Structure formats: C-alpha cells, structure tokens
Amino acid sequence: MRTFGVEEELLIVDPESGEPLALADALLSGRHVAADDLPQVPQAQAATDKADDGEMGLSAELKLEQIETQTRPCRDYGTLLDQIRAGRSLADQAAQKNQARVAALATSPLGLNSHTTPDPRYARMLERFGLTAQEQLTCGFHVHTYIESPDEGVAVLDRIRDKLAVLTALSANSPFWNGQPTGFESFRTQAWNRWPTSGPAAVYGTYPAYRRVVTRLLDSGVMLDEGMLYFDARLSRNHPTVEVRVADVCLRADDAALIACLVRALVESASREWRDGVEPAPVPTVLLRMASWQASNSGLTGELLDFGNFRPAPAADVVRSLVDYLAPVLDEQGELALARQGVEDIIARGTGSAEQRQVREKALAGQPEDFGFGAVVKHAVRVTMRDALDPSEVDTVPELLRVRQS
C-alpha cells in the first residue's frame with residue numbers, strides 16, 4: 001500500500017471580525033519548514049533537517065495571512081485524518097497565542113489588502129507578476145502519493161489528468177472573494193489559474209520528455225524557478241511523490257482525508273494501467289481546462305464534464321463514476337465503503353461552499369454590517385477545529401518529508 005501525506009493551507013483570522021491577520025511570522029517563531037514549491041537551498045534544508053526536534057510541522061506561504069501544515073507519511077484514512085486534525089490543532093494553538101484562530105477557507109470571505117511574506121523570492125514574484133501575486137491569498141490542499149521512480153510518476157501524471165477536475169468539484173470551498181459572492185463554487189481555482197504555469201498539462205510520455213518541458217519553461221524566462229511549476233499535478237522535487245494540487249482546502253477534516261484516499265487510489269490505478277500497457281486517454285488539454293472551469297463554477301450543484309466522454313452529466317453521477325472507476329483499488333485497500341459513504345455524505349449536505357453560503361444567508365436575516373461574512377468565518381473556525389487532536393496525541397510529528405513505501 002502506497003504511503004501518502006498532505007499539505008493544508010489555512011487562513012489566520014481575527015476570532016471576532018473574521019478578518020485575515022498577517023501573523024504567519026509570529027505563529028511560526030522559528031519553526032519554518034521549506035514548502036514544496038520553494039527552492040531547496042541549503043538554509044531551507046537545514047531547517048528541514050531539524051524536523052525531528054518535535055517543533056516542526058508548520059511553514060510559511062506566499063502571504064502572511066496564511067500558514068501551511070504538513071502531515072507525515074501515512075498508510076490509511078484513519079491515521080491521515082488524525083494527522084490532519086493534529087496539524088490544524090498545532091496551527092490553531094500557535095494562532096491563539098497571538099489572539100487569532102485558523103480557518104480552513106480556500107479564499108477570504110472578507111475583503112482585505114494581503115501582505116506578502118518577507119522573502120527575496122516572494123518579493124521578486126510580487127514585482128514580476130503584479131496583481132496576480134498581490135491578490136494571491138488562496139488556500140489549497142495538496143496530496144502527495146509515493147512513487148517508485150520518476151518514470152512511474154510521469155506515467156501516473158499522464159493517466160490521471162482527465163479525472164482531476166472531479167476533485168475540484170468535490171472539494172469546492174471558496175464561493176466568496178474579497179467581500180463578494182463570486183458565482184463560483186471554487187473561486188480559488190479561478191484566482192490560482194492566473195499563474196502562467198497553472199492548470200492541466202499535456203501528456204508527456206516519458207520522464208525525459210517531462211524534464212524537457214520543465215527546461216523549456218525555465219528557459220522562457222517567465223518563471224523565476226522550478227518551484228513555480230504550478231500544474232494541477234506534478235512530480236515533487238523534494239519527495240519521491242506525485243503531488244496533486246487541484247483541491248481547495250476542505251472545511252471538514254474528514255472530507256480532506258477522503259479526497260486524499262481518492263488521490264492515492266488514482267495514483268495506484270494509473271500505475272497499474274501503465275504497467276499493463278494501457279495508453280493515456282488522448283484528451284486535448286483545452287478540454288481539460290474546460291472541465292476544470294466547469295468544476296470550479298458549479299461544483300456539485302449542477303453538471304460536470306464526465307471524464308469518460310467530456311459531455312455534461314449530473315455532478316453526483318460523475319463523482320460516483322469516479323469512485324466506481326477506483327473501486328478495485330479502494331476495495332483492496334479496505335477503503336471502498338468509506339469512500340462511497342464519504343462521497344454520498346458530501347453530495348447530501350453539500351460542499352464547503354454550500355455550507356458557507358447557508359451560514360451567510362442565515363446571518364443576513366439579522367442584517368449584519370459585514371453582510372454575513374464574519375459569521376461565515378466564525379463558523380469555519382468551529383468546523384475547522386471540530387474533533388481536532390492535540391499534536392501530543394499523535395505518535396509522530398506532522399511533517400511531510402520522507403514519503404516512502406516499505
């Protein structure tokens with residue numbers, strides 16, 4: 001069974017007003033871990049190597065209003081769920097020491113002028129990419145799954161690309177942006193896809209071909225470095241993993257663990273197809289972009305593009321079809337019943353976006369001055385920390401560095 005782990009980006013918020021607070025440096029207070037999209041420079045590696053001191057598990061991101069948690073490598077849903085809850089608790093404990101809280105929201109419901117983390121690389125990004133970097137306060141959910149080799153990793157990337165939009169719909173948790181309803185279920189996807197290297201990629205075929213694409217992108221002079229490869233899925237440079245990056249951070253920890261299990265099953269299913277000589281589906285990248293847009297726009301509330309024929313179908317049917325496709329692997333891993341029930345739970349109650357809108361509509365009846373957005377954030381804080389585990393209850397520090405299969 002492949003090991004897997006996740007990274008969650010969380011908002012740091014004022015517990016009363018719900019406004020994002022630029023406190024990441026204060027929360028970290030010397031506990032920086034190099035995020036996977038940063039260059040692995042010696043200083044970052046030295047910080048990473050300190051992970052065994054029991055004080056790690058959090059890292060900085062582009063904006064001071066957000067913080068990232070990392071889990072250790074896990075083998076099953078229950079262990080990963082405990083790790084996710086412990087990571088949220090670790091971040092929230094640090095936030096409360098600074099009169100703040102954390103919330104699993106993929107975008108801020110309230111408007112703000114965000115603050116870029118003081119770092120030379122981030123400063124260059126702000127100068128190079130202007131408003132895209134200035135406004136990029138978004139919180140994603142990244143799933144790392146172990147691979148045996150870069151060749152296997154590229155084979156997986158080629159064979160999961162047509163199914164990733166379903167995960168965007170299932171995780172949708174960003175209906176608001178800077179004090180406005182957006183009309184999207186995952187507006188984070190729209191904001192994120194302004195980066196020049198974001199979104200779906202074409203079929204590579206081989207690892208050397210993948211590296212040639214990376215080299216040509218770097219040679220273009222547009223990207224600052226390889227850390228800015230923001231594809232929907234990519235090979236991690238710092239871990240022996242495939243990293244799937246399409247999901248919003250999930251409001252509920254159990255939904256996050258469910259999506260991670262689906263990703264792991266996708267990776268294993270794709271690897272088996274590669275070994276059996278099954279070619280990747282030759283879906284044009286432009287159709288994948290359309291599927292991603294549709295998932296971002298309607299989530300589970302309308303139709304998705306079916307990953308079998310890329311024609312519109314009821315979203316619930318498409319999500320169930322994904323579970324059916326993954327059923328052989330999920331069954332072997334003892335997670336099929338869990339996956340089916342988890343998906344049905346999300347379909348029945350709605351995604352995080354649906355929950356945010358319901359809370360706001362109820363708050364609007366009281367005519368609040370903040371148009372109900374403060375209530376949304378307060379609710380998100382409560383749900384984010386529901387059933388949270390104290391980090392001391394988990395046997396290993398939440399920290400994603402050595403994802404291995406033994």
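Predicted model only: the values in this text are computed from it and were never measured.

## What about unusual backbone geometry?
Thought 1: Even without being glycine, Asn178 reaches a positive phi, approximately 50°.
Thought 2: By the element assignment, Asn178 lies in the loop between strand E6 (176-177) and strand E7 (180-181).
Thought 3: Its relative accessible area of 30% is what places Asn178 among the partly exposed residues.
Thought 4: In this structure, Gln367 takes a positive phi of about 50° despite not being glycine.

## Let's talk about the nonpolar core
Thought 1: One finds Leu167, Trp195 and Val244 to be the most contacted residues of the largest nonpolar core, which totals 79 residues.
Thought 2: Each residue touching Val244, except ones within four places of it in the same chain, is listed here: Phe141, His142, Val143, Ile160, Leu164, Leu167, Asp232, Ala233 and Val263.
Thought 3: Listed in part, the 35 residues of the second largest apolar core include Leu11, Ala106, Val376 and Val377.

## Considerations on the confidence of the model for the protein chain
Thought 1: Mean pLDDT for the protein chain: 90, with 90% of residues reaching 70 or above.
Thought 2: Per-residue pLDDT stays below 50 along residues 39-56; that stretch engages in 29 contacts with residues further than four places along the chain or on separate chains.
Thought 3: Within the model, pLDDT remains below 50 along residues 397-406, and this stretch shows 49 contacts once partners closer than five positions in the same chain are excluded.

## Points about a nonpolar patch on the surface
Thought 1: A surface patch of nonpolar side chains, about 270 Å² in accessible area, is lined by Val286, Leu287 and Met290.
Thought 2: Mapped onto the elements of the fold, Leu287 is located in helix H10 (residues 285-298).

## A few points about the pairing of strand E5 (residues 140-146)
Thought 1: Among the seven residues that make up E5, seven are buried, leaving the element largely enclosed by the rest of the structure.
Thought 2: Alternating positions in E5 separate into two faces, Gly140, His142, His144 and Tyr146 on one and Phe141, Val143 and Thr145 on the other, with burial throughout.
Thought 3: Relative to E5, strand E1 (residues 4-13) runs antiparallel, the two being bridged by five bridges. Counterpart to Glu7 in the pairing with E5 is His142.
Thought 4: With six bridges connecting them, E5 and strand E9 (residues 241-248) associate as antiparallel partners. Residue pairing in the sheet places Gly140 in a bridge with Asp248 of E9.

## Describing the side chain of Ser186
Thought 1: Mapped onto the elements, Ser186 comes out in the loop between E7 and helix H7 (187-192).
Thought 2: Ser186 sits in the buried class, given a relative accessible area of 0%.
Thought 3: Within the local environment of Ser186, its side chain forms a polar contact with the side chain of Asp248, the two groups lying 2.9 Å apart.
Thought 4: In contact with Ser186, other than residues within four places in its own chain, are Thr168, Ala172, Ser174, Asp248 and Ser296.

## Digging into helix H6 (residues 164-171)
Thought 1: Where burial is concerned, most of H6 is hidden: eight out of the eight residues are buried.
Thought 2: What H6 keeps buried is the set Leu164, Ala165, Val166, Leu167, Thr168, Ala169, Leu170 and Ser171.

## With respect to the packing of helix H9 (residues 253-275) against helix H12 (residues 336-349)
Thought 1: One way to put it is that H9 packs onto H12 with a least axis distance of 10 Å and a crossing angle of 130°. Between H9 and H12, the angle is such that the two are oblique. When the axes of H9 and H12 are compared, the crossing they make is left-handed. Touching Asp255, Leu258 and Leu262 of H9 are Leu338, Ala339, Gly342, Val343, Ile346 and Arg349, all from H12.
Thought 2: Classifying every residue of the contact of H9 with H12 gives six nonpolar, one polar and two charged.

## What to know about the state of the cysteines
Thought 1: Following the criterion strictly, the structure yields zero disulfides and no others.
Thought 2: Looking at the unpaired Cys261, the closest cysteine sulfur is the one in Cys74, lying at 9.8 Å.
Thought 3: On the accessibility criterion, Cys261 (1% relative accessible area) is buried.

What counts as what
Residues numbered from 1 in each chain as written. Predicted model: local features only at pLDDT ≥ 70, side-chain atom pairs only at ≥ 80, totals over all residues. Heavy atoms only, no water. Helix = DSSP H or I, 4+ residues; strand = E, 2+ residues; numbered from the N terminus. Buried < 20%, exposed > 50% of the residue type's maximum accessible area, 1.4 Å probe, protein only. Core = buried A, V, L, I, M, F, W, Y, C linked by side-chain atoms within 4.5 Å. Contact = heavy atoms within 4.5 Å. pLDDT = per-residue confidence, 0-100. Patch = residues over 30% accessible without salt bridge, like charges linked within 9 Å, V, L, I, M, F, W, Y side chains within 5 Å. Areas by Shrake-Rupley, 256 points an atom, 1.4 Å probe, with all protein chains shown as cover. Salt bridge = Lys/Arg side-chain N within 4 Å of Asp/Glu carboxyl O. Pairing = 2+ DSSP bridges. Polar contact = N/O pair within 3.5 Å; in protein donor to acceptor, adjacent residues only side chain to side chain. Axes fitted to C-alpha atoms, helices over the stretch in contact; angles between N-to-C directions. Parallel < 35°, antiparallel > 145°, perpendicular 65-115°, else oblique. Left-handed = near helix turned anticlockwise from the far one by under 90°. Nonpolar A, V, L, I, M, F, W, Y, C, P; charged D, E, K, R; others polar. Disulfide = S-S within 2.5 Å.

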